[in-house]
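A structural walkthrough
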Amino acid sequence: MKILVTGATGYIGKRLIPLLSNSDHHVVCAVRDKLRADKSYIEDDTIDVVEADFLKPETLYSIPKDIDIAFYLIHSMSNSSTDFEALEARCAVNFKHQLEKTNVKQVIYLSGITNDDNLSKHLQSRKNVESKLASDHYALTVFKAGIIVGSGSSSFEIIRDLVEKLPFMIAPKWLDTKTQPLGVRNVLSFLHNSVGRKEVYNQSYDVFGPEILTYKDMLMQFADVRGLKRYILTVPVMTPKLSSYWLYFVTSTSYKLASSLVDSMGVQIVGKPSNINHLLDVNPMDYKTAVALAFEKIEQNSIISSWKDSMVSSGRLRNQLHKYINVPKYGCFKDYKERQVTDAPKTIDKIWSIGGTNGWYYGTILWKIRGYIDKLFGGIGLRRGRTSPTDLDVGDALDFWRVIFADKTQQKLLLYAEMRLPGEAWLEFKIEDGILKQTATFRPRGLWGRLYWYSVFPFHGFIFNGMINKLVDV
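Reference entry: report on the structure contained in this document. The shown structure was predicted, so the numbers you read here are calculated from the model rather than taken from an experiment.

**Remarks on the packing of aromatic side chains**
Both the distance between ring centres and the angle between the ring planes are used here to describe each pair of aromatic rings. Within this structure, the stated rule accounts for 20 aromatic pairs. Between Phe143 and Phe190 the ring centres are 6.0 Å apart and the planes differ by 35°, which places this aromatic pair in the tilted class. Highlighted residues: Phe143 in strand S6 (residues 139–145) and Phe190 in helix H5 (residues 184–193), separated in sequence by 47 residues. Phe190 carries the same exposure label as Phe143, and that label is buried. Relative to Tyr205, the ring of Phe143 has its centre 6.1 Å away and its plane inclined at 25°; by these criteria the two rings are stacked. Note that Phe143 is positioned in strand S6 and Tyr205 in strand S11 (residues 203–207), a separation of 62 residues in sequence. Take Phe143: its relative accessible area is 1%, and that puts it in the buried class.

**Quick word on the sheet that holds strand S4 (residues 69–72)**
Across the sheet, which stays open at both edges, the seven strands sit in the order S3-S2-S1-S4-S5-S6-S11 with parallel pairing between neighbours. Both edges of this open sheet fall to strand S3 (47–51) and S11, since each of them pairs with a single strand only. On average, each strand axis in the sheet is tilted by 20° relative to the strand beside it, whichever way the strands run. Here strand S1 (residues 2–6) runs beside S4; their pairing, made up of three bridges, is parallel. Following the sheet pairing, Val5 is matched in S4 by Phe71. The sheet strands contacting helix H2 (residues 84–99) are S1, S4 and strand S5 (106–112), and the helix crosses S4 at an angle near 175°.

**Section: the pairing of strand S18 (residues 423–432)**
In terms of burial, S18 is largely enclosed, as eight of its ten residues are buried. Direction of pairing for strand S17 (residues 412–417) relative to S18: antiparallel, over a ladder of five bridges. Of the residues in S18, the one forming a bridge with Leu415 is Leu427. Here S17 folds back onto S18, and the loop between the two strands holds five residues. Sheet topology note: the S18/strand S19 (residues 435–444) ladder contains ten bridges and is antiparallel. Following the sheet pairing, Phe429 is matched in S19 by Gln438. Hairpin connection between S18 and S19: a loop of two residues separates the two successive antiparallel strands, and Asp433 in this loop has a positive phi of roughly 55°.

**Points about the packing of helix H11 (residues 344–352) against helix H13 (residues 446–472)**
A packed helix pair is summarised by two numbers, namely the angle formed by the two axes and the spacing between the axes. The N-to-C vectors of H11 and H13 enclose an angle of 130°; their axes lie 8 Å apart at closest approach. Taken together, the axis directions place H11 and H13 in an arrangement best described as oblique. In this structure, H11 contributes Thr347, Lys350 and Ile351 to the contact, and H13 contributes Lys470, Leu471 and Val472. Across the contact of H11 with H13, the residue classes break down as three nonpolar, one polar and two charged.

What counts and how
- Position numbers for residues start from 1 in each chain and track the written sequence from start to end.
- Restriction of local features to residues with pLDDT of at least 70 applies here, the model being predicted, together with a cutoff of 80 or more for giving and counting side-chain atom pairs; totals for whole chains, interfaces and linings are based on all residues.
- The side-chain values count all of the structure's non-hydrogen atoms but skip hydrogen atoms and water molecules.
- Stacked, tilted and edge-to-face pairs are distinguished by plane angle, under 30 degrees for stacked and over 60 for edge-to-face with tilted covering the rest, among Phe, Tyr and Trp rings (Trp via its six-membered ring) whose centres lie within 6.5 Å.
- Helix and strand definitions follow DSSP, with helices as H or I runs of at least four residues and strands as E runs of at least two, each counted in order from the N terminus.
- Exposed residues in this analysis have more than 50% of their type's maximum accessible area, buried residues have under 20%, and partly exposed residues fall in between, with area computed by a 1.4 Å probe over protein chains only.
- Strand pairing is assigned whenever DSSP detects at least two bridges linking the two strands.
- Throughout, an axis means a line fitted to C-alpha atoms (over the contacting stretch in the case of helices), and angles, computed between N-to-C directions, take values from 0 to 180 degrees.
- Note on contacts: a residue pair is in contact if any heavy atoms of the two residues lie within 4.5 Å.
- Just so you know how the angles are binned, under 35 degrees is roughly parallel, over 145 roughly antiparallel, 65 to 115 roughly perpendicular, and the rest oblique.
- Residue polarity follows a fixed list, in which Ala, Val, Leu, Ile, Met, Phe, Trp, Tyr, Cys and Pro are nonpolar, Asp, Glu, Lys and Arg are charged, and the others, Gly among them, are polar.

What follows is the structure, given as structure tokens:
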């Protein structure tokens, strides 16, 4: 069958596409920016990539008319917009209207469990989207999941940060909220196995793991899997705002995402039983097994997708990478360095491994201090790290940078700064004619931007000289 996948660069979408392709389906990936699509799709005859922004109906002409199945995986946990729910509803309506012009028979939608009487605004929005997607033209299949556990998922990485950094926690009372975590492998099985199954047409199912746990239980079981002894004291005095700051400063999440998560974590997420496990032959794993399998992927450096690479964690870009790929030349300050390269492949490998746990090769402590300062001023900080220690793709998060261009054959890597700045910054590495050219470009915004550049300029000679020397020293 020909299957449309929206949210193709998201956490679930990136994992679902290979499953569908390997099952001999023809997959059409709808993305807002083709630069963010996985490069392997170009070489795969069973995968097409089309640009479409479902908030802009005029861009949807690229959606094929002959699709059989469509996945609706569009969602953002960001609450940066005051009309967040209206935008999500508009996106769903535009999707529906466009799909009604095609031959699609089934739309499969991944939502959240919404059984509590007092839903967060994000869960309420998920529920509203479901009603907007309903149509007489196609059958709608809805799967409602709670906390998704897998390598790179936001809940997994946040819990990992808390457990591995804090031997003792004084935590908010919402840690006593009940939920039913579900392994990401099981989520993918539900989605994959439902394709074309008429038994699930026009049906809605809660999908969940076999255990009802509190968030405190999840932290303690996570610690047990990691062989760590942890102590947690919950207190009733933390307001949602204080709870958000607590998550923001201790974990690698952004404040906006932390606020959204806290808003949802006060809601009990317990599913209603059904026959869906038997119908689709899925046997959900327990929480500890899901955590252990996630660490297997981490240890093998085979994380397919991570919430950190989502534009939800972006400080500025919001799926508009193409606007930043051409580094400005005028009205900018530049720090340019070049060195002779003795072994280009090894230098390229070092460039592609920069940041994260590898650090920045020189003056890493200064990079960390800059990350702490960024965090104090509401930025994303340095702790976001990177998904893979050796691979980089366009759109990937890299500490407080975002990958704008990455091509080993052209021997070029371009990064755009997502830290808090009175201006915009790019960092480029490029090998030409045996010379490594390293350029930091800063376009200031007003007087404060110029004062910022001159205040950090004395450190540039120290940091950037040391970094380029390490990159060519193989």
